[in-house]
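So the chains spell out like this:
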Amino acid sequence: MKTKLILSIFFGVLLWSCSQNTENQEVKTTPTKQADFALAIHGGAGTILKENMTPEQDAAYRAKLKEALDAGYAVLESGCTALDAVVSAVMVMEDSPLFNAGKGAVFTNEGKNEMDAAIMNGIDRNAGAVAGLTKVKNPITAARAVMENSPHVFMTGAGAEQFAEEQNLEFVSPDYFYTDFRFEQLEKIRETEKTELDHSSLLEMELGDPFFKDRKFGTVGAVALDKNGNIAAATSTGGMTNKRYGRVGDVPIIGAGTYADNETCAVSATGHGEYFIRNVVGHEIASLIRYGRKSLSEAADEVVMKQLVEMGGSGGIISIDRNGNIAMPFNSEGMYRGYRKAGEEAKTFIYKDEN
């Protein structure tokens, strides 16, 4: 009885919290019937080969992906919004050293961790983004604060962190983001700069050297559909290993690495950001649905497997529409990914040959 009472109180507080967060979000759509709910996540794409993974590493990644899916699923099942769900799922991955976001963020050429994040709400296409964060524990919470509590969409650097502090978000010492593996990865790549390597030599090292694996890639993201038929997307990243000069990738650029619109789809991308920016990947997929009358799967494949490939861009996306359809194409060797639909168990995948 005591346990049931505690659980009843917990879910009562959770539902009250959701209602407080969403009272200003009923802007455009009032669905006539309750939709099923679902979400999909990714933990980055890149040169992810089965032969380079130990059974222990494989199990650790799948367990963390499942944890993120279960966290987002619990939020959706309780009746909260897609926005709440994508934040919950992304925070699980930001807190894990396994992924290039938050705790596991890669290092810049200067030996710092600089993180970017973005979020977008499909019901009104409101969005928030941050770049160059160094002290906010969960960058996705800063992106959401920009969206909900400021007149702006995109904040960077010291200004973004000042705003985050005013929002009472959790701050940590920059040392919190340090991991031995990521720092060794930086050192290894720095060493190669002392010699000249052609493109084929770099590709060979990416395939065979774990320090080069994912040097250009690494992002976490989530897309979700809630019980009210609304969708949302969230993405977070530590960027590119050894990046210089304040480089910012596609993740915080609305329409490139992150996009959501109830009338089309929600998209979170992972890959070589420069190509995703130039292709405006998220918005391009949505446009093919809106104007090209393509299905979600057709539009996602057109952009990821054709347009990006023709330009030489590698990576992938996760996407969802308001009917609960999910598409997760990628043109790299692998992508940490998974999904969970209402009434189903979580499904996780890593390699190219998994369905």
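Residues numbered from 1 in each chain as written. Predicted model: local features only at pLDDT ≥ 70, side-chain atom pairs only at ≥ 80, totals over all residues. Heavy atoms only, no water.

Colleague: So what's going on with the packing of aromatic side chains? Residues and values would help.
Modeller: Taken as a whole, this structure holds nine aromatic pairs when the rule is applied. Their ring planes at 80 degrees and their centres at 6.2 Å tell us that Phe-99 and Tyr-336 sit as a pair that is edge-to-face. Linking Phe-99 in the loop between α3 (82-94) and β2 (115-121) with Tyr-336 in strand β11 (residues 334-341), this pair joins segments that are 237 residues apart in sequence. Per residue, the accessibility class of Phe-99 equals that of Tyr-336, and both read buried. Taking 5.1 Å as the distance between ring centres and 80 degrees as the angle between the ring planes, the aromatic pair formed by Tyr-176 and Phe-177 counts as edge-to-face. You can call Tyr-176 partly exposed: its relative accessible area is 23%. Judged by its relative accessible area of 0%, Phe-177 falls in the buried class. Here the aromatic cluster, defined as three or more aromatic residues joined through ring pairs, consists of Tyr-61, Phe-99 and Tyr-336. (Phe/Tyr/Trp six-rings, centres within 6.5 Å; stacked < 30°, edge-to-face > 60°. Helix = DSSP H or I, 4+ residues; strand = E, 2+ residues; numbered from the N terminus. Buried < 20%, exposed > 50% of the residue type's maximum accessible area, 1.4 Å probe, protein only.)

Colleague: Give me the side chain of Gln-307: which residues, what numbers.
Modeller: Within the secondary structure, Gln-307 is located in helix α10 (residues 296-311). The contacts of Gln-307, once residues within four sequence positions are left out, are Asn-279, Glu-284, Leu-288 and Glu-302. (Contact = heavy atoms within 4.5 Å.)

Colleague: Summarise the pairing of strand β5 (residues 220-225); cite the residues concerned and give the values.
Modeller: Counting buried residues along β5, six of its six residues qualify, which places the element largely inside the surrounding structure. A two-sided burial pattern is seen for β5, the buried positions comprising Val-220, Ala-222 and Ala-224 on one face and Gly-221, Val-223 and Leu-225 on the other. Two elements, strand β1 (residues 38-46) and β5, share five bridges in a ladder whose sense is antiparallel. Across the sheet, the residue bridging to Ala-38 is Leu-225, located in β5. Relative to strand β6 (residues 231-237), β5 is paired through six bridges, and the arrangement is antiparallel. Looking at β6, one finds that Gly-221 is bridged to Thr-235. The turn linking β5 back onto β6 is made up of five residues, and Gly-229 within it adopts a positive phi angle of 85 degrees. (Pairing = 2+ DSSP bridges.)

Colleague: I'd like a description of the sheet that holds strand β10 (residues 326-327), backed by residues and values.
Modeller: Pairing between the strands of a sheet is mediated by backbone hydrogen bonds and can be parallel or antiparallel. With respect to topology, four strands assemble into an open sheet ordered β7-β8-β9-β10, the strand pairing being antiparallel. Looking at strand neighbours, the two that pair on one side only are β7 (258-260) and β10, the edges of this open sheet. Here helix α9 (residues 281-290) sits on the sheet and contacts β7, β8 (266-271) and β9 (315-320); the angle it forms with β7, its principal contact strand, is near 30 degrees. Taken strand by strand, α10 contacts β9 and β10, and its axis lies near 160 degrees from that of β9. (Axes fitted to C-alpha atoms, helices over the stretch in contact; angles between N-to-C directions.)

Colleague: Tell me about unusual backbone geometry, and name the residues and values.
Modeller: Of note, the phi angle at Asn-168 is positive, near 60 degrees, even though the residue is not glycine. Exposure remark for Asn-168: the relative accessible area of 70% places this residue in the exposed category. Unusually for a residue other than glycine, Val-280 sits at a positive phi of about 45 degrees. By the element assignment, Val-280 lies in the loop between α8 (273-278) and α9.

Colleague: Explain the sheet that holds β5 to me, using residue names and the numbers behind them.
Modeller: Pairing within the open sheet is mixed, and its eight strands lie in the order β4-β3-β2-β6-β5-β1-β11-β12. Looking along the sheet, the strands with just one partner apiece sit at the ends: β4 (154-156) and β12 (347-351). Pairwise comparison of adjacent strand axes, ignoring direction, gives a mean angle of 10 degrees for this sheet. Packed onto the sheet, α3 meets β1, β2, β5 and β6 and runs at close to 155 degrees relative to β5.

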